Amino acid sequence: MSASGQQRTVDDALLFECAWEVANKVGGIYTVIKTKAPVTCAEYGKRYTLIGPLSYKSAPMEVDSVEPEPGSAMAKTLDSMRAQGVKLIYGNWLIEGAPRVILFDTSSMYHRMDEWKADLWTVAGIPAPANDHETNETIVFGYLVAWFLGEFVSHHLTSAVVAHFHEWQAGLAIPLCRKRHIDLTTVFTTHATLLGRYLCAGSVDFYNNLQYFDVDHEAGKRGIYHRYCIERSATHCADVFTTVSHITAYEAEHLLKRKPDGVVPNGLNVTKFSAMHEFQNLHAVSKNKINDFIRGHFYGSYDFDLEDTLYLFTAGRYEYRNKGVDMFIEGLARLNHMLKESGSKTTVVAFIIMPAATQSYTIEALKGQAVTKQLQDTVDEIKNRVGNRLFEHAARYTGEHGTEVLSDDKLLSSADKVLLKRRVFALKRNSLPPIVTHNMADDANDPVLNQLRRVQLFNRKEDRVKVIFHPEFLNSNNPILGLDYEDFVRGCHLGVFPSYYEPWGYTPGECTVMGIPSITTNLSGFGCFMDELIDNPQDYGIYIVDRRMKSVEDSCNQLAEQMFSFVTKTRRQRINQRNRTERLSDLLDWKSLGLEYAKARQLALRRAYPDSFDDDEFDFGGGNKVGRPLSAPSSPRFRSGAMTPGDMGTLTEDMQHLDTSDYMGGKFWHAMSNNDEEEEDHYPFPLVLRRGRSSTMDSGVSTPSGGLRLTERDLNKADTALAKLEHGSDNQK
C-alpha cells in the first residue's frame, strides 16, 4: 500500500537490481548480471534499473551518462540526494539491452559513516569494526541504497517496486528497508555463503559436518562475525531468499539458518558463444595457436607428436583447495602413471590458469617463444628463396633431357644452410621445460608448485603428462600465449574443475556452450544441475566426480580414470562427443533460466501484495520437459518430470537428495512423481513425453532405433498381424 493509501499495481512493477559488481568487473557476479541483463530488459524495458558502487576506474568505459526524465520520480530522488552531497552517475550500461544504472560514489558519504555505524548497531545489533575497509564500503553503500529506495518509493506511488539484491555486500539495504517500512518487496540471492567459503578453505570435512558447526563461534574465530551478521540479516529480512544451486541451498540452510525459497541457476548468453556448425573449425584454429606456444615452451624437448597431443586445463580464482587444484594435480600424476603403464604414445599437456602474485615472465618462457619465432621466420625466408630458385630454373628450361628439375644440392645455398643451422643450434637446452611461465613472488611456498614438485611432474621426456602453470589470466596481448580466454578454451580438449567448494561454476558451463567436454563434481552447482537434468551426462561430455560420498582417495582415482577414459578415445569419438556437448547449450541459456528469476520476483510480489492476486496459491509448475527428438540418437536423454529447463533446481524443486523436501512446490512435485508411477511403466529407452497413443503418433516420433516414423495406420496393421498370430496359436492348441 502506498503512502496515499492507494494499492500499488503489480502488473507494471518496477525492478531495481543491486549488486557490488554492476559495471564493475570483480568476479563471477559481474558475468551473472551482465549476461542476464538482455533477458531482464526484454521483460521490464525501462522499468529495470541496476544499482552499484561507483568505480572511477571502470565506469567511464562501462556507462554512458544521461539525465533522467525531468519531473519523474527518478529525477526528483537523484536531485534530492545530489543536493545533500551524494555523488553518483546515472546512465546506460554499455552492454546488450543497455539497462539503466545508478552508481553511487561511497567516498562522498564517508563523513556520515560513524553516524550510520551507530544506527546499524541500534537498529540491527550489527557491530562494525573501524579497520575493515570492505565492511565500511558495504555499510555506506547499503545506507545509500536504502536512502535512494525510500525516497524513490515516496515519489512513485502507482506501481509496485521489487528490489533484488546479490550477495552480502549489497544486502545491507534489506534490513534497513524492513526497519523503515519502505513499501517495496525484496529478493536476496546468495551466490556463496561467507562462512562456507572460509570453512572450505581450511582442512575441514565441510559438507558432512554442516549441521554441527557453531556458526557464531566459527565466524568470530575467523574475524568475519560482523560480515556474517550482515549476510544473515539480509537473508532473514528478505521477502524471498534464493541461492544459485542445490548444494548452496543446503549450505545456506545450515549456516544462514533459513531454507531458501528456491534455486535460481546461473545462465549464459549462449548467442555470444554460438558458432553453429563452425565450432569444430574454431576448435582447430585455436588449437593451432596453442600448438605454436607448445613448440616454443618445449623447445629442446619437443619430441612428441602434436597430432597425438591433448590439451587439458583448469582455470579460476587461486583457491587451491576450494577449486580442486590439489585433486587435479594428483589426478594428473596418476594419469601419467596409467599412460606409461599402458604404453600409450598420447601426450597430455595440462594447463593451470590461475592468477597469483608474480614478478615477471621467466627468461626461459620468453626465450622459448623468441627462438621458435626466429626459426619460423628463417624457414619462411628460405622457403621463399627455394621457391624462387625452382621457378627460375623451370622457366629457363630449354628442352635438354635431365634438366627439368633443379638438383637437390642446389635447392639450399650454403648461406641458407648456415643460417638454418644457427637457428637450430639456438634450440639446444640443458634444462627441462619449465612448469611455470612466471617468476613467482613466493616460489618456495606456492601450493601449486610445491605439489607439482611432490608428485614429480617436471616435464621430463618419459612423462606422458606435461604441466604448465600460467599464474595470470589470459588475453590476446600476452607475449607468450596471445589468446583470449574464450579462444584458449575452444582450442583445448577437456576442462577439468574438480572443485570442493563451487556454489555454481561458470567455467564448466562456458566449456559446454563452446562444445568442450568438462569434468566437474557433485559438490558444484553446475555438476548437480547437469546430473539432475540429463541421464548419463558423461555420454555428453559432462564427467562428474563424486566428492560427496567417496573418500578423497577414491575421488582421485575416479578423476584419473575419467581423464584416462577421455584421453584413450579416438579422434572420431572426441569429435562426436564435442557435438553432443555443444547441444547442451540451450539448457544454460538465460532465455530458459531467466524464468527462475521471474518466478522469484513473482513470489515476492505475491507475498507483499497478496490481495492483488486472484488465485490462492502460486502456480510454480512449468510445462512438460521436452527433450530432443528420439530420431537424433546423440541428443541428451532428459530425465522425465514437469518443468522448464531451469526447474531442476528451482522454486518447484523439493530437493529430496538434500533432505529439504519442504522447499517451495514440494507437494506439487510429489504429486507429479506419484502420477508418473501410476500412469506408466518404466521403459529402457528415453521416452520423453507422456502422451496418448494418437498424439504421439501424430507428432511423428521415430522408433528408438532411429529410422522409421510410425503412423496410426502402421500400428493398426501390426495389431491385425498380432491378432492373426494369436488366433493361429489358439487353433494349434
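From a predicted model like this one, the values you see are computed outputs, not experimental measurements.

Trainee: Explanation requested: empty space enclosed by the protein in the structure shown.
Mentor: Take a probe with the size of a water molecule and roll it over the atoms, and the empty space left behind shows itself. Tallying each qualifying case throughout the model produces 1 cavity of 30 Å³ or more. The computed volume of the largest cavity comes to approximately 30 Å³. Lining the largest cavity, in full, are Phe 279, Gln 280, His 283, Arg 490, Met 514, Gly 515, Ile 516 and Arg 578. Sort the elements by how many residues they give to the lining of the largest cavity and helix α13 (residues 279-297) lands first, with 3 residues.

Trainee: Could you clarify how one ought to interpret the pattern of salt bridges in this entry?
Mentor: Close approach of charged atoms allows side chains of opposite charge to pair. Enumeration according to the criterion identifies 33 salt bridges in this entry. In this structure, Glu 392 and Arg 396 form a salt bridge, with 3.7 Å as the shortest nitrogen-oxygen distance. On the basis of relative accessible area, Glu 392 is assigned to the partly exposed category, the value being 39%. According to the relative accessible area criterion, Arg 396 is exposed, its value standing at 64%. A salt bridge links Glu 596 to Lys 599; the shortest N-O distance between them is 3.7 Å. A residue pair is termed a helical-turn pair when its members lie 3 or 4 positions apart in one helix, as Glu 596 and Lys 599 do in helix α23 (residues 590-608) at 3 residues. Taken individually, Glu 596 and Lys 599 each receive the classification buried, so the pair is uniform in this respect. Here the residues in one salt-bridge network are Glu 330, Arg 334, Arg 454 and Glu 553, joined through shared partners.

Trainee: Any chance you could explain the packing of helix α5 (residues 133-155) against helix α10 (residues 225-237) here in plain terms?
Mentor: Each packed pair of helices is defined by two parameters, the angle between the axes and the distance between the axes. At their nearest, the axes of α5 and α10 sit 10 Å apart, and the two run at 30 degrees to each other. On the basis of their axis angle, the class for α5 and α10 is roughly parallel. In the crossing of α5 with α10, the sense of the turn from one axis to the other is left-handed. The segment α5 lies against α10, with Glu 134, Thr 135 and Thr 138 engaging His 226, Arg 227 and Ile 230. Residues of the contact of α5 with α10, tallied by class, amount to 1 nonpolar, 3 polar and 2 charged.

Trainee: How should the sheet that holds strand β3 (residues 63-65) be read in this particular structure?
Mentor: Each strand in a sheet pairs with its neighbour through backbone hydrogen bonds, running either in the same direction (parallel) or in the opposite one (antiparallel). Strand order in the open sheet formed by 9 strands is β3-β4-β5-β2-β1-β6-β7-β8-β9, and the pairing between neighbours is mixed. In this open sheet, the two strands that pair with only one neighbour each are β3 and β9 (262-263). The pairing of strand β1 (residues 9-18) with strand β6 (residues 159-166) spans 6 bridges and is classified as parallel. From the neighbouring strand, Glu 17 faces β6, where its bridge partner is His 164. Lying on the sheet, α23 is in contact with β1, β6, β7 (185-190), β8 (240-243) and β9; it crosses β7 at an angle near 140 degrees.

Trainee: Would you mind going over the nonpolar core with me for this structure?
Mentor: Across soluble globular proteins, you tend to see nonpolar side chains buried next to one another. Phe 104, Leu 144, Phe 148, Leu 149, Phe 165 and Phe 206 are the most contacted members of the largest nonpolar core, which has 71 residues in total. It is α5 that contributes the most residues to this core, 12 residues altogether. Not counting residues up to four positions away in its chain, the partners in contact with Leu 144 are Met 81, Val 86, Phe 104, Asp 105, Thr 106, Met 109 and Trp 116. Grouped together as the second largest cluster of nonpolar side chains are 48 residues, Phe 313, Val 489, Met 514 and Leu 533 included.

Trainee: Can you walk me through the environment of Leu 312 in this structure?
Mentor: Mapped onto the elements, Leu 312 comes out in strand β10 (residues 309-315). According to the relative accessible area criterion, Leu 312 is buried, its value standing at 0%. When residues no more than four places from it in sequence are discounted, the contact partners of Leu 312 are Val 348, Val 349, Ala 350, Phe 351, Leu 494, Val 496 and Met 563.

Trainee: What is the right way to read the packing of aromatic side chains from this model?
Mentor: Centre distance and the angle of the planes are the two values used to describe a pair of aromatic rings. Under the defined criterion, the tally for this structure stands at 24 aromatic pairs. Among the aromatic residues, those joined into a cluster by ring pairs are Phe 293, Tyr 311, Phe 313, Phe 351, Tyr 485, Phe 488 and Phe 497. Over the face of the ring belonging to Tyr 597 we find Lys 36, whose NZ or CZ atom lies 4.7 Å from the ring centre.

Trainee: Just to check I follow, could you spell out the sheet that holds strand β16 (residues 518-521) for this structure?
Mentor: Strand order in the open sheet formed by 6 strands is β14-β11-β10-β15-β16-β18, and the pairing between neighbours is parallel. At either end of the open sheet lies a strand with only one pairing partner, and these are β14 (465-470) and β18 (542-545). This sheet shows a mean twist of 25 degrees between the axes of neighbouring strands, independent of strand direction. Sheet strands in contact with helix α19 (residues 506-513) are β10, β15 (494-496), β16 and β18, and its direction is about 150 degrees off that of β16.

Trainee: Explanation requested: the environment of His 470 in the structure shown.
Mentor: Locating His 470 in the fold gives a position in strand β14. Along the sequence, His 470 and Phe 351 sit 119 residues apart, while their C-alpha atoms lie 7.1 Å from each other. Those residues in contact with His 470, other than ones at most four positions away along the chain, are Ile 352, Ile 353, Met 354, Thr 437, His 438, Asn 478 and Ile 480. A polar side-chain atom of His 470 sits 2.8 Å from the main-chain carbonyl oxygen of Glu 472.

Trainee: Is there a simple way to think about the environment of Glu 330 in this case?
Mentor: By the secondary structure assignment, Glu 330 is in helix α14 (residues 325-342). Measuring from C-alpha to C-alpha, the distance between Glu 330 and Cys 556 comes to 6.9 Å, with 226 residues separating the pair along the chain. Beyond its immediate stretch of four places on either side in the chain, Glu 330 contacts Gln 451, Arg 454, Val 455 and Cys 556.

Trainee: Please explain unusual backbone geometry as it appears in this structure.
Mentor: With the exception of glycine, most residues fall at negative phi, and the peptide bonds are largely trans. Not every positive phi belongs to a glycine, and Glu 167 is a case in point at roughly 70 degrees. Assessed through its relative accessible area of 11%, Glu 167 is described here as buried. Backbone geometry at Asn 536 places phi at a positive 50 degrees, although glycine is not the residue there. Considering the arrangement of structural elements, one finds Asn 536 in the loop between β17 (534-535) and β18.

Trainee: How do you make sense of the packing of helix α3 (residues 73-83) against α5 when you look at a structure like this?
Mentor: The N-to-C vectors of α3 and α5 enclose an angle of 135 degrees; their axes lie 9 Å apart at closest approach. Here α3 lies oblique to α5, going by the angle between them. By crossing handedness, the relation of α3 to α5 is classed as right-handed. Where α3 abuts α5, its residues Ala 73, Met 74, Lys 76, Thr 77, Leu 78, Ser 80 and Met 81 lie against Leu 144, Trp 147, Phe 148, Glu 151, Phe 152 and His 155. Grouping the constituent residues of the contact of α3 with α5 by class yields 8 nonpolar, 3 polar and 2 charged.

Trainee: Hey, could you run me through the state of the cysteines in this one?
Mentor: Covalently bonding the sulfur atom of one cysteine to the sulfur atom of another cysteine gives a disulfide. The tally for this structure, following the rule as stated, stands at 0 disulfides. Lacking any disulfide linkage, Cys 492 is separated from the closest cysteine sulfur, that of Cys 511, by 8.1 Å. Its relative accessible area of 0% is what places Cys 492 among the buried residues.

Conventions and cut-offs
- Residues numbered from 1 in each chain as written.
- Predicted model: local features only at pLDDT ≥ 70, side-chain atom pairs only at ≥ 80, totals over all residues.
- Heavy atoms only, no water.
- 1 Å grid on protein atoms, 1.4 Å probe; cavity = no way out; pocket = protein on both sides within 12 Å on 5 of 7 lines; lining within 4 Å.
- Points joined across faces, edges and corners; volume = space filled by probe spheres on them.
- Helix = DSSP H or I, 4+ residues; strand = E, 2+ residues; numbered from the N terminus.
- Salt bridge = Lys/Arg side-chain N within 4 Å of Asp/Glu carboxyl O.
- Buried < 20%, exposed > 50% of the residue type's maximum accessible area, 1.4 Å probe, protein only.
- Axes fitted to C-alpha atoms, helices over the stretch in contact; angles between N-to-C directions.
- Parallel < 35°, antiparallel > 145°, perpendicular 65-115°, else oblique.
- Left-handed = near helix turned anticlockwise from the far one by under 90°.
- Contact = heavy atoms within 4.5 Å.
- Nonpolar A, V, L, I, M, F, W, Y, C, P; charged D, E, K, R; others polar.
- Pairing = 2+ DSSP bridges.
- Core = buried A, V, L, I, M, F, W, Y, C linked by side-chain atoms within 4.5 Å.
- Phe/Tyr/Trp six-rings, centres within 6.5 Å; stacked < 30°, edge-to-face > 60°.
- Lys NZ or Arg CZ within 6 Å of the ring centre and 35° of its normal.
- Polar contact = N/O pair within 3.5 Å; in protein donor to acceptor, adjacent residues only side chain to side chain.
- Disulfide = S-S within 2.5 Å.

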